[in-house]
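# Per-entry structural report
This is what each chain is made of:
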Amino acid sequence: MKHALGGAALAIMAATSAYSEAVKPANVAFNDGIVEASLTGQPGDPVAGRAVFADRKLGNCLACHTNTDLSEESFHGEVGPPMDGVADRWGEAELRAIVTNSKKVFEGTIMPAFYIDSGYERPLEDFAGTSILTAQQVEDVVAYLLTLKE
Amino acid sequence: MNLKKWVTFAAAAGFAGGAFAQDSNSLSIEGEAMVTETAAPAHMENVSTIYSGWRFRSTETQALETDDFDNPAFVFVEQGMDLWGKVEGAAEKSCASCHEDVADFAGLRTQLPRVDDGQLVAMEDLINECRTERMAAEPWEWSKGNMTAMTALIGLQSRGMPISVATDGEAAPFWEQGKELYYTRVGQLDMACSNCHEDNYGVMIRADHLSQGQINGFPTYRLKNAKLNSIHGRFKGCMKNIRAEPFKEGGPEFKALELYLASRGQGLSVETPSVRN
């Protein structure tokens with residue numbers, strides 16, 4: 001529970017091996033709603049990203065987004081837009097910005113920022129000073145989203 | 001309406017169970033009609049109609065509330081009745097020693113929380129004041145079984161009556177504090193109550209159908225934990241879900257939030273004890 005780790009073993013290994021080189025949440029460079037460079041300097045793994053997308057303790061993206069590619073999961077939320085064809089609508093640098101900190105792209109959005117570790121109030125002690133996802137998990141999710149074409 | 005264009009799209013694509021906003025069912029309990037939908041009070045700028053949480057539940061869950069025999073909360077109301085007559089404390093009194101009939105409390109639930117001597121008090125405070133001041137007994141914990149049994153029993157006496165809390169005069173600063181809390185984002189997920197219960201009621205958030213977060217049915221029996229749940233216990237649960245450090249049950253923040261939420265339900269019938277999932 002403590003860190004956003006603990007998903008698929010693969011994701012953990014990817015995250016730890018790349019951890020030292022990862023851009024810190026506070027240093028992610030946003031330019032007009034895009035984040036150009038990989039947060040880890042490494043490519044994301046779409047298979048690990050798919051697991052992060054569904055995992056209730058990690059991305060839990062399904063809480064708010066329907067996604068036909070994950071039809072084996074029984075509950076898909078409707079708070080945000082469907083993910084089908086999302087890669088036809090947004091490029092990699094835009095998706096990286098949306099997953100890192102959606103508030104930089106959609107003003108006032110309900111969607112959580114997945115890669116910030118400060119700037120939120122009253123976090124539960126276990127989560128204080130941490131981001132929901134690691135840099136590598138963000139990259140993995142972005143790589144996964146890029147596979148969602150129609 | 002807060003239906004979004006992609007909700008229609010999602011349902012057409014065959015996802016998310018196709019739950020749309022609140023349903024149009026009407027509730028009567030033991031033959032008495034309840035108001036589960038009414039015009040929003042003037043202070044609510046972003047919502048025109050308010051709905052009881054009952055309107056967002058499945059037909060199976062809804063049915064459990066229509067008949068006291070089927071309503072699992074009544075086991076606890078019975079326990080409340082036993083506690084009502086039970087002598088406890090150094091003064092050797094029970095509730096019944098001072099209050100002739102629990103039915104005399106009809107209307108009380110609709111007006112709480114309220115300001116007494118400059119303090120905002122909830123029903124739990126009134127009950128504990130009797131226990132400590134008049135019975136010389138131990139206070140009950142805010143959300144424990146004996147307390148929720150008693151708040152259910154007393155709340156039931158107002159069933160069918162419209163929520164009508166005072167928000168002006170001495171109550172105004174507490175109400176303002178509650179409103180502020182309602183719209184303040186908290187937790188690692190950085191959300192406010194309004195993000196879910198005002199901006200997104202009627203849509204699915206994973207397996208849950210979001211309601212307006214009304215408190216007219218509390219304490220509420222939840223199928224999830226098979227017991228009565230207090231208002232502050234529910235606030236705590238919602239805060240933990242967004243990874244926020246909850247305020248203290250019975251503390252000033254939750255009481256202010258309770259007052260503000262009650263005022264967002266003005267005119268809805270008291271449904272205590274309600275059934276939710």
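What counts, and where the lines are drawn
Residues numbered from 1 in each chain as written. Chains lettered and ligands numbered in written order. Predicted model: local features only at pLDDT ≥ 70, side-chain atom pairs only at ≥ 80, totals over all residues. Heavy atoms only, no water. UniProt positions renumbered as here; feature names shortened; annotations may be inferred. Helix = DSSP H or I, 4+ residues; strand = E, 2+ residues; numbered from the N terminus. Contact = heavy atoms within 4.5 Å. Areas by Shrake-Rupley, 256 points an atom, 1.4 Å probe, with all protein chains shown as cover. pLDDT = per-residue confidence, 0-100. Buried < 20%, exposed > 50% of the residue type's maximum accessible area, 1.4 Å probe, protein only. Domains from an automatic or database assignment. Buried area = accessible area lost by both parts, 1.4 Å probe. Salt bridge = Lys/Arg side-chain N within 4 Å of Asp/Glu carboxyl O. Polar contact = N/O pair within 3.5 Å; in protein donor to acceptor, adjacent residues only side chain to side chain. Nonpolar A, V, L, I, M, F, W, Y, C, P; charged D, E, K, R; others polar. Expected span 1.5 Å × (residues − 1). 1 Å grid on protein atoms, 1.4 Å probe; cavity = no way out; pocket = protein on both sides within 12 Å on 5 of 7 lines; lining within 4 Å. Points joined across faces, edges and corners; volume = space filled by probe spheres on them. Core = buried A, V, L, I, M, F, W, Y, C linked by side-chain atoms within 4.5 Å.

If you check an unreviewed UniProt entry, chain B appears there as SoxAX cytochrome complex subunit A from Roseovarius aestuarii. Under the UniProt heading Subcellular location (unreviewed entry), the note attached to chain B is "Periplasm".

By the naming in an unreviewed UniProt entry, chain A is Cytochrome c, taken from Roseovarius aestuarii.

## Digging into the overall build of chain A
Scanning chain A from N- to C-terminus turns up 5 helices and 0 strands. Partitioning the intrachain contacts of chain A with sequence separation of at least 6 by distance along the chain shows that 55% fall at a separation of at least 24. Accessible surface, chain A: about 7100 Å² in total, of which carbon and sulfur atoms supply 54%.

## What about the confidence of the model for chain B?
Should pLDDT be low for a region, the predicted coordinates there are not to be read in detail. Residues and elements named next belong to chain B. Overall, the prediction assigns chain B a mean pLDDT of 93, with 93% of residues at 70 or greater. Within the model, pLDDT remains below 50 along residues 1-19, and this stretch shows 34 contacts once partners closer than five positions in the same chain are excluded. For this predicted complex, the interface confidence comes out at an ipTM of 0.91, alongside a pTM of 0.92.

## A short note on the environment of Val142(A)
Residues and elements named next belong to chain A. Within the fold, valine 142 resides in helix H5 (residues 135-145). Using a relative accessible area of 2% as the deciding quantity, one classes valine 142 as buried. Excluding residues within four positions of it along the chain, valine 142 makes contact with Glu92, Leu95, Arg96 and Val99.

## A word on the domain arrangement of chain B
Residues and elements named next belong to chain B. Domain boundaries assigned for chain B yield domain 1 (3-67 + 163-272) and domain 2 (74-156). Taken over C-alpha atoms, the centre of domain 1 sits 25 Å from the centre of domain 2. Taken together, the contact between domain 1 and domain 2 spans 25 residues of the former and 20 residues of the latter. With both chains or domains summed, domain 1 and domain 2 bury close to 1900 Å², and 64% of this area falls on carbon and sulfur atoms. Here domain 1 is connected to domain 2 by 2 salt bridges. Linking domain 1 to domain 2 there are 7 residue pairs in polar contact (both at pLDDT 80 or more). Counting residues per element, the side of domain 1 that touches domain 2 draws most heavily on helix H10 (residues 252-263), which supplies 5 residues. Here the residues of the side of domain 1 that touches domain 2 sort into 14 nonpolar, 6 polar and 5 charged.

## Brief notes about helix H6 (residues 145-156) of chain B
All names here are of chain B. Across its 12 residues, H6 extends 16 Å between first and last C-alpha, which sits within 8% of the 16 Å expected from 1.5 Å per residue. In terms of burial, H6 is a largely internal element, 10 of the 12 residues being buried. Turning to H6, its buried residues number three or more, namely Met147, Thr148, Ala149, Met150, Thr151, Ala152, Leu153, Ile154, Gly155 and Leu156.

## Overview of empty space enclosed by the protein
Residue and element names in this part refer to chain B. Summed over the entire model, instances satisfying the criterion amount to 2 cavities of 30 Å³ or more. Of the pockets and cavities examined, the largest cavity occupies roughly 50 Å³. Contributing to the lining of the largest cavity are Arg109, Leu112, Ile163, Ile215, Asn216 and Ala262. Taken together, the residues that form the lining of the largest cavity break down as 4 nonpolar, 1 polar and 1 charged.

## Comments concerning the UniProt feature "active site" (unreviewed entry) in chain B
UniProt records the feature "active site" (unreviewed entry) for Cys238(B) in the present numbering. For Cys238(B), the location among the structural elements is in helix H9 (residues 231-241).

## Let's talk about the nonpolar core
Counting residues in hydrophobic clusters, the biggest one holds 63 residues, and the most contacted among them are Phe53(A), Leu133(A) and Leu145(A). Mapped by element, the contributors of at least two residues to this core are helix H2 (46-54), helix H4 (92-101) and H5 of chain A together with helix H7 (172-182), H9 and H10 of chain B. Within the second largest apolar cluster, 26 residues are counted, among which are Ala73(B), Val102(B), Val121(B) and Leu228(B).

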